[in-house]
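Per-entry structural report
Take a look at the letters that make up each chain.
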Amino acid sequence: MMYQKGRAWIELDLAHLKHNMEQFCSLLPPDCALMPAVKANAYGHGAVLVSKALQEHGVQNFCVASAAEGVELRRGGVTGEILVLSYTHPGQFDDLIEYRLAQTVVDGDYARQMQRDGRRFTVHVGIDTGMHRLGERWENVEEIVKIFQAPNLTVTGLYSHLCVSDGRNAAERAYTLEQIHHFEYVVEELHRRGYSGFKCHLQGSYGILNYSGLCFDYARAGIALYGILSGKNDKVDASVDLRPVLSLKARVESVKTLYQGESAGYGMAYSAKKDQKIGVLSIGYADGVPRSLSNQGWVLCNGKAAPIIGRICMDQMMVDFSEVSQVEAGDEAVLIGKSGNLEIRAEDMAQWAGTISNEILSRMGGRLERLVKE
Ligand SMILES: *Cc1c(COP(=O)(O)O)cnc(C)c1O
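First, a word on scope: everything that follows refers to the structure included in this document. Predicted model, so just to flag it, every value in this text is computed and none were measured.

With respect to the site of the ligand
- As a structural note, the neighbourhood of the ligand is formed by 13 residues, with K39, Y43, S205, R220 and G222 the closest of them.
- Here a nitrogen atom of the ligand and a side-chain polar atom of R220 are 2.8 Å apart.
- The backbone of I223 places a nitrogen or oxygen atom 2.8 Å from an oxygen atom of the ligand.
- Isolated, the ligand exposes 390 Å² of accessible area, and the fraction of that covered by the protein chains is 87%.
- Taking a 2 Å distance to the grid points as the criterion, the majority of the atoms of the ligand fall inside the largest pocket.

Description of the nonpolar core
- Core analysis: the largest hydrophobic core is formed by 111 residues, its most contacted members being M114, L158, L248, I283, M317 and L335.
- For L248, the contacting residues outside a window of four places in its chain are W9, I10, I283, A333, V334, L335, I336, M349, M364 and L368.
- L258, A272, I278 and M318 belong to the second-largest nonpolar core, a separate cluster that totals 8 residues.

Thoughts on the layout of surface pockets
- Size it by volume and the largest pocket reaches roughly 780 Å³.
- Lining the largest pocket we find 35 residues, and of these K39, M131, R133, H161 and L162 sit closest to its centre.
- Secondary-structure elements contributing two or more residues to the lining of the largest pocket are α2 (39–43), β6 (121–128) and α9 (205–210).
- A per-class count over the lining of the largest pocket returns 16 nonpolar, 13 polar and 6 charged.
- Taken as a whole, the second largest pocket holds about 360 Å³ of empty space.
- For the second largest pocket, the lining is made up of 22 residues, of which H16, P244, S247, G337 and K338 are closest to its centre.
- Within the residue set of the lining of the second largest pocket, elements represented by two or more residues are β1 (8–12), β11 (246–258), β18 (332–339) and β19 (342–344).
- Looking at the lining of the second largest pocket residue by residue, the class counts come to 10 nonpolar, 4 polar and 8 charged.

Some details on unusual backbone geometry
- A positive phi angle, close to 50°, is found at R100, a residue other than glycine.
- Position of R100 relative to the elements: it lies in the loop between α5 (93–98) and β5 (102–105).
- Taking relative accessible area as the criterion, R100 reaches 58% and is therefore assigned exposed.
- Residue H132 is not a glycine yet carries a positive backbone phi of 60°.
- Inspection of the secondary structure puts H132 in the loop between β6 and β7 (136–137).

Analysis parameters
Residues numbered from 1 in each chain as written. Predicted model: local features only at pLDDT ≥ 70, side-chain atom pairs only at ≥ 80, totals over all residues. Heavy atoms only, no water. Near = heavy atom within 4 Å. Polar contact = N/O pair within 3.5 Å; in protein donor to acceptor, adjacent residues only side chain to side chain. Areas by Shrake-Rupley, 256 points an atom, 1.4 Å probe, with all protein chains shown as cover. 1 Å grid on protein atoms, 1.4 Å probe; cavity = no way out; pocket = protein on both sides within 12 Å on 5 of 7 lines; lining within 4 Å. Sits in = over half its atoms within 2 Å of the grid points. Core = buried A, V, L, I, M, F, W, Y, C linked by side-chain atoms within 4.5 Å. Buried < 20%, exposed > 50% of the residue type's maximum accessible area, 1.4 Å probe, protein only. Contact = heavy atoms within 4.5 Å. Points joined across faces, edges and corners; volume = space filled by probe spheres on them. Helix = DSSP H or I, 4+ residues; strand = E, 2+ residues; numbered from the N terminus. Nonpolar A, V, L, I, M, F, W, Y, C, P; charged D, E, K, R; others polar.

As structure tokens, this is what we get:
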């Protein structure tokens, strides 16, 4: 077997994943099932690994962003329903059939395109209730009904997406309530016309955490299932105990002295004001450490914090080890996770980089090993 933890890696705490899943299940109405969002390699965590762990705990529905992600799950042994949330090109329709993937109908035109293909597809109909991204407009009930009537489309689900459910001011709440009402209106109109048996879903993580009283068939939990929120300062209505699943670590490649007046790395972006101990880590932006962390943010090593210095390189980065007394080449550096009493969360890294934790995690690169914490 390949030597593990050689260069840069992710450690997954699957007990935390299970814990977060249970937190969601106790928050949601009993007949609402979790439909985890495992797109973008399960937000960097490893799609097959995470999905199979969830499957062992009884999860039977998953959503991904692309047909290829669905294929990866099937090949990895994931059963149950897999919904493709975004567009699939007709050239990839073979995969929908061969791997039994449910496809989102992104609008009425797309439904006609699928119908013309001649084969039979399982679909969830996307409804635009106010985000104006994907979905047939909620007002166009006749158009939505036509999708249900298309002989080649088996509609097993109907869904929409909330665009400001993370916001808790009056205008944001009012907008979300409007979206909810639009969605409920479409469901009622379909029932009134005799269509039933399809599953309804509306909430992502913040929809669950801020509107937990809603009663739909599925809830598409993403970021919070991985134990973190999008922004460091985000507040939510529900009181839940979410625990981070992912830690990001790398090796200290080299420890050395940067002498006063010398610069470190590309662009001479950092220079030493005094002689100082620095370290080189074997991880860079190709692994998902944002280049915007140049001279910005911290890593942890042996229970101490070390500031990032100079520009992040493609495969390496440098840190100031002045305050880390015990450190040598081969030690582990923690970029996300705990070391001693200190912790860096994905939300922290996101804040330093001026983004949200979703982006940080989903960009974790293919070069990282993904290991389950024992
Ligand atoms: C990504 C996504 C989700 C999950 O969102 P989180 O905020 O990460 O929970 C749910 N629904 C749709 C349509 C998505 O694209």
